[in-house]
Amino acid sequence: MPTLHLAELTFANRPFQLPLLSRLADILATSPAVTHLMVRGSLAHGTADRLSDVDFVVGVQDADLPSFVEALDDLMSIEAGALLPGWRDTIVADLGGVGMVFLVPDEGHLHQIDLYLAPASRIPHLRATVATALLLDREPAIAPAEGTAAAERFAAEFLARPRTCTELLIEHMVLAVLLHKRIKRGQRFVAYSEWHRLHTATKDLIKTALAPTSRFWGWYQLREEIAVTPIGRACLSDLEAAISGPAIPLAADVDAAVERTLSLVERACPEALSGLESPIAAYRTYLELM
């Protein structure tokens, strides 16, 4: 058996995502608004596998947080090659900032990139409470109390914004990638939770498209509000098909859910697909490889 040199052994066992992580870190660090870059999750703990996401905490100058968040889609699309605009992460814990998820192709694989953008004034607290590996540590400008309050207020308002049909479509596509990973890993409890979250996103998409001023919470009064037009009845039929499936999906169930959602969007809110035709075609190709 040939003997591996230590450097070769280290290279052979390095995280699969390391080159991508390094490239993303370089992209984010070019902005003078960024004060800290930290890696968390399995890559920080040394437990990553080939399906692991790249999970950053990004410290941003308090005063720059709104403009940085608003520019992030362009940055990730142009510089990092993200397929789609970012998804406002509704799963990540609230740490006083904004969580965004992007899907970035690299080396023939589609990677989940989690970016948690936090005001720089919050970073000392996060470093003390969240396990991370520090990549970048710049001295932030001293934020006045009103600047910190404004950054935190922006984060709360950003996360509370009503989601558009396009955003809800992207949520479906991100959750489908997450579900494929859960299924491959045998994480049945998490798959169950995210499968239910995907069905809820389908319900929210239908209501946003067809009953945007709904007075009813959650799943109440759907038939009364939606099933008053042929399009509404067809959309509820799609939702019925979704919730009638297995409690824990197989990969084929997830793929069918994506196709059902795309058909629903074409029927109920086709404007949500504007400019996404090519990214969605590429996404479908990557999904087939997962």
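Residues take numbers from 1 onward in each chain, read along the sequence in its written order. Reporting of local features is limited, given that this is a predicted model, to residues whose pLDDT is at least 70; pairs of side-chain atoms are given and counted only at 80 or more, and all residues count toward the totals for whole chains, interfaces and linings. As a rule here, side-chain values come from all non-hydrogen atoms in the structure, and water together with hydrogens is ignored.

Chemist: Can you explain the overall build of the chain? Please cite residues and give values.
Modeler: Only DSSP runs of H or I with at least four residues qualify as helices, and only runs of E with at least two residues qualify as strands; both kinds are numbered from the N terminus onward. If you tally the helices and strands in the chain, you get twelve helices and six strands. Based on the C-alpha atoms only, the size of the chain along its principal axes is roughly 65 × 65 × 35 Å. Contacts in the chain between residues far apart in sequence, at least 24 positions, make up 69% of those at least 6 positions apart. The contact criterion used throughout is that any non-hydrogen atoms of two residues lie within 4.5 Å.

Chemist: Tell me about the nonpolar core, and please be specific about residues and values.
Modeler: Among the buried residues, those of types Ala, Val, Leu, Ile, Met, Phe, Trp, Tyr and Cys that are joined through side-chain atoms within 4.5 Å form a nonpolar core. Each residue is assigned to one of three classes by its accessible area relative to the maximum for its type, calculated with a 1.4 Å probe on protein chains only: buried under 20%, partly exposed between the two thresholds, exposed over 50%. With 42 residues, the main nonpolar core has Leu 103, Leu 169, Val 174, Leu 205, Val 265, Ile 280 and Tyr 283 as its most contacted residues. Listed by contribution, the elements that provide at least two residues to this core are β4 (98–106), α7 (165–185), α8 (188–210), α9 (222–226), α10 (230–243), α11 (251–268) and α12 (277–289). The element that contributes the greatest number of residues to this core is α7, accounting for eleven residues. The residues touching Val 265, leaving out its near neighbours within four places in the chain, are Leu 169, Leu 205, Pro 270, Ala 272 and Leu 273. Counting residues in hydrophobic clusters, the runner-up holds 35 residues, among them Leu 43, Val 69, Leu 115 and Leu 117.

Chemist: I'd like a rundown of the environment of Ala 160, residues and numbers included.
Modeler: Counting through the fold element by element, Ala 160 comes out in helix α6 (residues 145–160). Note on Ala 160: relative accessible area 60%, which makes it exposed. Sequence-wise, Ala 160 and Glu 139 are 21 residues apart; in three dimensions their C-alpha atoms are separated by 30 Å.

Chemist: Please give an account of the packing of aromatic side chains that cites residues and values.
Modeler: Two aromatic rings from Phe, Tyr or Trp, using only the six-membered ring of Trp, form a pair when their centres are within 6.5 Å; if the ring planes differ by under 30 degrees the pair is stacked, by over 60 it is edge-to-face, and anything between is tilted. Within the structure shown, the criterion is met by two aromatic pairs. Each ring, one from Phe 154 and one from Phe 158, has its centre 5.7 Å from the other, and the planes form 35°; the classification is tilted. You can see Phe 154 and its partner Phe 158 sitting in helix α6, four residues apart, about one turn around the helix. A relative accessible area of 11% means that Phe 154 is categorised as buried. Their ring planes at 40° and their centres at 6.5 Å tell us that Trp 217 and Tyr 220 sit as a pair that is tilted. The residues Trp 217 and Tyr 220 share a single accessibility class, namely exposed. For a Lys NZ or an Arg CZ to count as sitting over a ring, it must be within 6 Å of the ring centre and within 35 degrees of the ring normal. Stacked on the ring of Phe 158, the Lys or Arg Arg 88 has its end atom at 5.6 Å from the ring centre.

Chemist: Can you break down the sheet that holds strand β3 (residues 87–88) residue by residue, with the values?
Modeler: Two strands are counted as paired when DSSP detects at least two bridges linking them. On the basis of which strands lie adjacent, the open sheet formed by six strands has the order β3-β4-β5-β2-β1-β6 and mixed pairing. Of all strands in the sheet, those bounded by a partner on one side alone are β3 and β6 (132–137). Pairing of β4 with strand β5 (residues 109–119), which is carried by nine bridges, proceeds in the antiparallel orientation. Each residue of the ladder has a partner; that of Val 104, found in β5, is His 111.

Chemist: Account for the pattern of salt bridges, with residues named and values stated.
Modeler: Think of a salt bridge as a Lys or Arg side-chain nitrogen and an Asp or Glu carboxyl oxygen that are within 4 Å of each other. One pass over the full model with this rule turns up 13 salt bridges. Taking the shortest distance from any N to any O, the salt bridge between Arg 88 and Glu 167 comes out at 3.1 Å. Note that Arg 88 is positioned in strand β3 and Glu 167 in helix α7, a separation of 79 residues in sequence. Here Arg 88 falls in the buried class, since its relative accessible area comes to 6%. Several salt bridges converge on common partners, so that one network encompasses Arg 163, Glu 171, Lys 203 and Asp 204.

Chemist: Help me get a handle on the side chain of Asp 53, residues and values and all.
Modeler: Relative to the helices and strands, Asp 53 is located in the loop between α3 (42–45) and β2 (54–60). The convention is simple: Lys and Arg are positive, Asp and Glu are negative, and His and the chain ends are not counted. Within the buried set, Asp 53 has no salt-bridge partner at all; the shortest N-O distance to an opposite charge, 4.4 Å, is to Lys 181.

Remember that the coordinates give geometry; whether it matters functionally is a separate question.
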